[in-house]
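Residue-level structure breakdown
This is what each chain is made of:
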Amino acid sequence: MIGARPCDLAAMAVLDRVLSAGAYPEPIYTARRDGVFVVAVDCTEPAATCFCTSMGGGPAATGGFDLAMTELADADGHRFVVRAGSPAGAEVLSALCVRAAGPRAESEARAAVAAAADAITRSMPDESLPDLLTGARESPHWADVADRCLTCGNCTMVCPTCFCTTTEDVADLTGEHAERWRRWDSCFDLDFSYVHGGSVRRSGESRYRQWMSHKLGNWQAQFGSSGCVGCGRCIAWCPAGIDITEEAAALSAWRRSERAQPCPP
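Notes on the structure in this doc start here. (Residues numbered from 1 in each chain as written. Predicted model: local features only at pLDDT ≥ 70, side-chain atom pairs only at ≥ 80, totals over all residues. Heavy atoms only, no water.)

**Quick look at the overall build of the protein chain**
Within the protein chain, the secondary structure is distributed over 10 helices and 8 strands. Each of the three principal axes of the protein chain carries a C-alpha extent, and together these read 70 × 65 × 35 Å. Buried positions account for 38% of the 265 residues belonging to the protein chain. At a minimum sequence separation of 6, the contacts of the protein chain that also span at least 24 residues come to 66%. Put simply, the protein chain shows about 15300 Å² of open surface, and 55% of that area lies on carbon and sulfur atoms. (Helix = DSSP H or I, 4+ residues; strand = E, 2+ residues; numbered from the N terminus. Buried < 20%, exposed > 50% of the residue type's maximum accessible area, 1.4 Å probe, protein only. Contact = heavy atoms within 4.5 Å. Areas by Shrake-Rupley, 256 points an atom, 1.4 Å probe, with all protein chains shown as cover.)

**Things to note about helix α6 (residues 141-148)**
Buried within α6 are the following residues: His-141, Trp-142 and Val-145. The arc enclosing the buried residues of α6, seen along the axis, measures out at 105°, which places them on a common side. Against α5 (129-135), α8 (204-223) and α10 (244-260) lie the buried residues of α6. (Arc of directions from axis to C-beta.)

**Description of the packing of α6 against α8**
Close contact between α6 and α8 brings their axes to 8 Å; oriented N to C, the two are set at 105°. Our classification of the angle between α6 and α8 gives roughly perpendicular. Two secondary-structure elements touch here, α6 through Trp-142, Ala-143, Val-145 and Ala-146 and α8 through Gly-204, Glu-205, Tyr-208, Arg-209, Met-212 and Ser-213. (Axes fitted to C-alpha atoms, helices over the stretch in contact; angles between N-to-C directions. Parallel < 35°, antiparallel > 145°, perpendicular 65-115°, else oblique.)

**Here we look at the sheet that holds strand β4 (residues 77-84)**
Spatial ordering of the open sheet is given by β1-β2-β3-β4, a layout of 4 strands whose pairing is mixed. With partners counted over all chains shown, the strands left at the sheet margins are β1 (2-4) and β4, one partner each. Here the average twist between neighbouring strands, direction ignored, is 35°. Inspection of the sheet shows strand β3 (residues 67-74) paired to β4 by 8 bridges, in the antiparallel sense. Bridging across to β4, Ala-73 finds its partner in His-78. Contacts from helix α3 (residues 87-94) reach β3 and β4 within the one sheet, and its direction differs from that of β4 by about 140°. (Pairing = 2+ DSSP bridges.)

**Let's talk about the nonpolar core**
Formed by 26 residues in total, the largest nonpolar core has its most connected members in Met-124, Tyr-208, Trp-211, Met-212, Leu-216 and Ile-244. Taken together, the elements giving at least two residues each to this core come down to α5, α6, α8, α9 (233-236) and α10. Not counting residues up to four positions away in its chain, the partners in contact with Ile-244 are Phe-51, Met-124, Tyr-208, Trp-211, Met-212, Leu-216, Cys-234 and Ile-235. Counting residues in each nonpolar core, the second largest holds 8 residues, with Ala-4, Leu-9, Ala-40 and Phe-65 among its members. (Core = buried A, V, L, I, M, F, W, Y, C linked by side-chain atoms within 4.5 Å.)

**So, the pairing of β3**
As paired elements, strand β2 (residues 39-41) and β3 share 3 bridges and run parallel to each other. Pairing of Ala-40 across the sheet is with Ala-68, part of β3. Turn length for the β3-β4 hairpin, with the two strands adjacent in sequence and antiparallel, is 2 residues.

**Observations regarding the pattern of salt bridges**
Going through the model one piece at a time under the given rule, you end up with 14 salt bridges. Measuring nitrogen to oxygen at the nearest pair gives 2.8 Å for the salt bridge that ties Arg-79 to Glu-108. You can see Arg-79 sitting in strand β4 and its partner Glu-108 sitting in helix α4 (residues 102-119), a full 29 residues away along the chain. With a shortest N-O distance of 2.6 Å, Arg-180 and Asp-169 are connected by a salt bridge. Residue Arg-180 is located in strand β6 (residues 178-184), and its partner Asp-169 is located in strand β5 (residues 165-171); the two are separated by 11 residues in the primary sequence. (Salt bridge = Lys/Arg side-chain N within 4 Å of Asp/Glu carboxyl O.)

**Digging into the packing of α6 against α10**
It is at 10 Å that the axes of α6 and α10 come closest, and there the two elements cross at 155°. The angle between the axes of α6 and α10 places the two elements in the roughly antiparallel class. Once α6 is placed against α10, the crossing between them reads as right-handed. On α10, the residues that touch His-141, Trp-142, Val-145 and Arg-148 of α6 are Glu-247, Ala-250 and Leu-251. Here the residues of the contact of α6 with α10 are counted per class, giving 4 nonpolar, 1 polar and 2 charged. (Left-handed = near helix turned anticlockwise from the far one by under 90°. Nonpolar A, V, L, I, M, F, W, Y, C, P; charged D, E, K, R; others polar.)

Below is the structure:
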């Protein structure tokens, strides 16, 4: 895997915990994941939608890679500062035609990543997100989001930690051959919460609340980490322009206003 960003590494770590580290490892995921050689690239030019600094997802690669590169392009030319993160990475690096980076190049690489961190303007509220989502469950702001949300599922399709699937039984035209397929699914799908008698989450409001509350809140209790790495892909690919950081900030503001209300006589 070449060119993985730090937020991708963070997402892979989340998926490893969820799909590989439990009592029942997912065999297809583990078969594809085992032995993968990862070449990561530190972020030096973050996108306007990034907020990895508030979710611990970057912009520096801190683990989960075999080799990590920091790109430098200045008066001294175009080059990469490379470091190994595993024995396999060190073995590959030793076989390459490279030279020692030296203190100056290493300092420039650190400065480039630090500048990227300073350039990131989006962030999540500086508070416990699980507590925020629990306390804002009855906020009227969910209805405001629902008025804009198309429930298209784009955010779940591009999120690097979403892994929900569904199962379908299909048969050929003769009816003599049947197969059971697993395919990607989204909690924004009306039938995702279907049980006998109908779907549990019928409104777009309830489905958006489920997605955001699980991603930023319930994931902590279920898997021991946030389900968001701050990559900003859900913002970039939302056709309605919904920004998860703005929605979290609005919920935080509503919660503060509710707390400030005087007690009834």
